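# What the coordinates show
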Amino acid sequence: GAGVSQSPSNKVTEKGKDVELRCDPISGHTALYWYRQSLGQGLEFLIYFQGNSAPDKSGLPSDRFSAERTGGSVSTLTIQRTQQEDSAVYLCASSWGGSGELFFGEGSRLTVL
Amino acid sequence: AQSVTQLDSHVSVSEGTPVLLRCNYSSSYSPSLFWYVQHPNKGLQLLLKYTSAATLVKGINGFEAEFKKSETSFHLTKPSAHMSDAAEYFCVVSENNTGKLIFGQGTTLQVKP
């Protein structure tokens, strides 16, 4: 597709379960970002991939969160042992280099019961 | 470390009156600054960006922002609000050559008829 694709669009899980969220960026975009948006909150930076460089993981809130980007394209955000406070919309964005013009996906809404 | 502060969480204006959304930034280096807009049930979209060229930046839908280094501000303005401008607006900072973008908490713009 032409835009950033995220799946699943909605995920309901039980506390303690692991979840994986997928992001398929725009073809050719070298940078990929994950953000988290909680109800009534701004966007919280999680992690940033740029080409083959080591990712900037400074925003990951705990060691339960991890992300990888395979082949410089698709990325997976994994949350282990989910907690209720992990409930949020997880947004993925991609861009050409560090231009700052991010193209966002529709997000994955995670609800932890 | 870079950060942004959006001074108003909620702004309400009447249709046809000016819009002012305030943003102050903190950055150790020469920043790149952006405004993004999020309409209800839609993805985030770039409104405009400043990257050390002209200090007055024009964006889409009649919005513009002025970079004032002495005041560390990057306020967003529009001469005449339209009903379709009702949305959430985010001020964003990126330090040059890092690509990492930090979002403000957002300002909800309400436009009354």
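Now for a look at the structure at hand.

The rules behind these values
Residues numbered from 1 in each chain as written. Chains lettered and ligands numbered in written order. Predicted model: local features only at pLDDT ≥ 70, side-chain atom pairs only at ≥ 80, totals over all residues. Heavy atoms only, no water. Contact = heavy atoms within 4.5 Å. Buried area = accessible area lost by both parts, 1.4 Å probe. Salt bridge = Lys/Arg side-chain N within 4 Å of Asp/Glu carboxyl O. Polar contact = N/O pair within 3.5 Å; in protein donor to acceptor, adjacent residues only side chain to side chain. Helix = DSSP H or I, 4+ residues; strand = E, 2+ residues; numbered from the N terminus. Buried < 20%, exposed > 50% of the residue type's maximum accessible area, 1.4 Å probe, protein only. Core = buried A, V, L, I, M, F, W, Y, C linked by side-chain atoms within 4.5 Å. Pairing = 2+ DSSP bridges. Axes fitted to C-alpha atoms, helices over the stretch in contact; angles between N-to-C directions.

This part covers the interface of chain A and chain B. On the chain B side, the residues contacting the 18 residues of chain A number 16 residues. Taken over both partners, the interface formed by chain A and chain B buries close to 1,400 Å², and the fraction arising from carbon and sulfur atoms is 53%. Area buried by chain A at its contact with chain B is led by Leu43, Gly100 and Phe104 of chain A, which between them contribute 29% of it. At the junction of chain A with chain B, the criterion picks out one salt bridge. Its salt-bridge partner being Asp56 of chain A, residue Lys100 of chain B comes within 3.8 Å of it at the nearest N-O pair. Counting the contacts that link chain A with chain B gives four residue pairs in polar contact (both at pLDDT 80 or more). Put simply, the parts of the chain that give the side of chain A that touches chain B at least two residues each are strand E4 (31-37) and strand E5 (43-50) of chain A.

Another point: unusual backbone geometry. With an omega of -10 degrees, the peptide bond running from Ser7 of chain A to Pro8 of chain A counts as cis. Structurally, the position occupied by Pro8 of chain A is in the loop between strand E1 (5-7) and strand E2 (10-13). Although it is not a glycine, Arg81 of chain A sits at a positive phi angle of roughly 45 degrees. When you line up the elements, Arg81 of chain A lands in the loop between strand E7 (75-79) and strand E8 (88-95). Even without a glycine there, the phi angle at Asn61 of chain B is positive, about 60 degrees.

The next point concerns the pattern of salt bridges. Here the structure, examined in full by the defined rule, presents seven salt bridges over all chains. Arg64 of chain A serves as the salt-bridge partner of Asp86 of chain A, at 2.8 Å between the closest nitrogen and oxygen. In this pair, Asp86 of chain A is assigned in the loop between E7 and E8 and Arg64 of chain A in the loop between E5 and strand E6 (65-69), connecting sequence segments 22 residues apart. Both residues of the pair, Asp86 of chain A and Arg64 of chain A, count as buried. Residue Glu64 of chain B is joined to Lys58 of chain B by a salt bridge in which the shortest nitrogen-to-oxygen separation is 2.8 Å. The partly exposed category is assigned to Glu64 of chain B, whose relative accessible area is 22%. The class for Lys58 of chain B is exposed, based on a relative accessible area of 64%.

Judged by nonpolar contacts, the single largest core of 46 residues is most densely connected at Tyr35 and Phe104 of chain A together with Trp35, Tyr36, Leu76, Tyr89 and Phe103 of chain B. Per element, the largest residue contribution to this core is six residues, and it comes from strand E10 (residues 87-95) of chain B. In this view, Phe103 of chain B contacts Tyr35, Leu43 and Phe104 of chain A together with Val4, Tyr36, Phe90, Cys91 and Val92 of chain B; residues no more than four positions away in its chain are not counted.

Turning our attention to the sheet that holds strand E3 (residues 19-24) of chain A. Residue and element names in this part refer to chain A. Ordered in space as E1-E3-E7-E6, the four strands form an open sheet in which the pairing is antiparallel. One side of each edge strand has no neighbouring strand; the edge strands of this open sheet are E1 and E6. On average, adjacent strands in this sheet sit at an angle of 15 degrees to one another, irrespective of strand direction. By the bridge criterion, five bridges tie E3 to E7 in an arrangement that is antiparallel. What sits directly across from Glu20, in E7, is Thr78.

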